[in-house]
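Coordinates in review
Chain by chain, the residues run as shown.
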Amino acid sequence: PPALCPTRTYSTDCSVTSTSSSRPPCVRPSASHDERERSWLERATRRIDGTPPGRLTRSLVDEVGRVMAGWAKRRSRKAALVVERLLKRVIDEFEGGNEGAVA
């Protein structure tokens, strides 16, 4: 069997395995990595949500794309709703004439 990585947690659910990965099957990122990612997603989402309408800069619009991708990987109802809300925000910015809101 492959050597286990001491910095990761392992699952006994082997229903999904990947042959293209160099890591052993059933390896999931550690909870601390997941917690850090979720914390970043929540902070970035609050920063975007806290920006007044019409004020999204080009760099914030770029961040919206990364945040949406991060939420989409979470595969939950809440994540889907956040992605939808962020997408609507960028569309509203674009339709409102914000030149920074161009993808």
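None of these values were measured; they are calculated from a predicted model. (Residues numbered from 1 in each chain as written. Predicted model: local features only at pLDDT ≥ 70, side-chain atom pairs only at ≥ 80, totals over all residues. Heavy atoms only, no water.)

1. Side note on the overall build of the chain
Secondary structure assignment for the chain yields 3 helices and 2 strands. Secondary structure elements of the chain, listed N to C terminal, follow the sequence β-β-α-α-α. A burial count over the chain gives 28% of its 103 residues as buried. Intrachain contacts of the chain at a sequence separation of at least 6 include 47% that bridge at least 24 residues. (Helix = DSSP H or I, 4+ residues; strand = E, 2+ residues; numbered from the N terminus. Buried < 20%, exposed > 50% of the residue type's maximum accessible area, 1.4 Å probe, protein only. Contact = heavy atoms within 4.5 Å.)

2. Overview of the confidence of the model for the chain
Per-chain confidence: the chain averages 78 in pLDDT, with 69% of residues scoring 70 or above. Element-level mean pLDDT values for the chain span from 42 in strand β1 (residues 9-10) up to 95 in helix α3 (residues 77-95). Contacts of residues 1-21 to residues separated by more than four positions or lying in other chains number 23 contacts, the stretch itself having pLDDT below 50. (pLDDT = per-residue confidence, 0-100.)

3. Notes on unusual backbone geometry
The backbone of R75 shows a phi angle near 50°, a positive value even though the residue is not glycine. Relative to the helices and strands, R75 is located in the loop between α2 (58-74) and α3.

4. Quick word on the environment of V82
Among the structural elements, V82 can be located in helix α3. Taking the C-alpha atoms as reference, V82 lies 8.9 Å from A72; in sequence the two are 10 residues apart. Residues in contact with V82, not counting those within four places in the same chain, are T45 and W71.

5. A short note on the packing of α2 against α3
Axis separation between α2 and α3 bottoms out at 8 Å; the angle between their running directions is 160°. The orientation of α2 relative to α3 falls into the category roughly antiparallel. For the pair α2 and α3, the crossing hand works out as left-handed. Judged by residue contacts, V61, V64, V67, M68, W71, A72 and R74 of α2 engage K78, A79, V82, V83, L86, L87 and V90 from α3. Residues belonging to the contact of α2 with α3 are distributed by class as follows: 12 nonpolar, no polar and 2 charged. (Axes fitted to C-alpha atoms, helices over the stretch in contact; angles between N-to-C directions. Parallel < 35°, antiparallel > 145°, perpendicular 65-115°, else oblique. Left-handed = near helix turned anticlockwise from the far one by under 90°. Nonpolar A, V, L, I, M, F, W, Y, C, P; charged D, E, K, R; others polar.)

6. A short note on the environment of R89
Within the fold, R89 resides in helix α3. Look at R89 and you get buried, because its relative accessible area is 15%. Between the C-alpha atoms of R89 and D49, which are 40 residues apart in sequence, the distance is 8.6 Å. Those residues in contact with R89 that lie beyond four places of it in its chain are I48, D49, T51, P52, P53 and L56. For R89, the side chain forms a polar contact with the main-chain oxygen of T51, separated by 2.7 Å. (Polar contact = N/O pair within 3.5 Å; in protein donor to acceptor, adjacent residues only side chain to side chain.)

7. A few points about α2
With 17 residues, α2 extends 25 Å from end C-alpha to end C-alpha; this agrees with the ideal 24 Å at 1.5 Å per step. For α2, the complete set of buried residues consists of L60, V61, E63, V64, V67, M68, G70 and W71. Immediately downstream of α2, the backbone of R75 shows phi near 50°, a positive value. (Expected span 1.5 Å × (residues − 1).)

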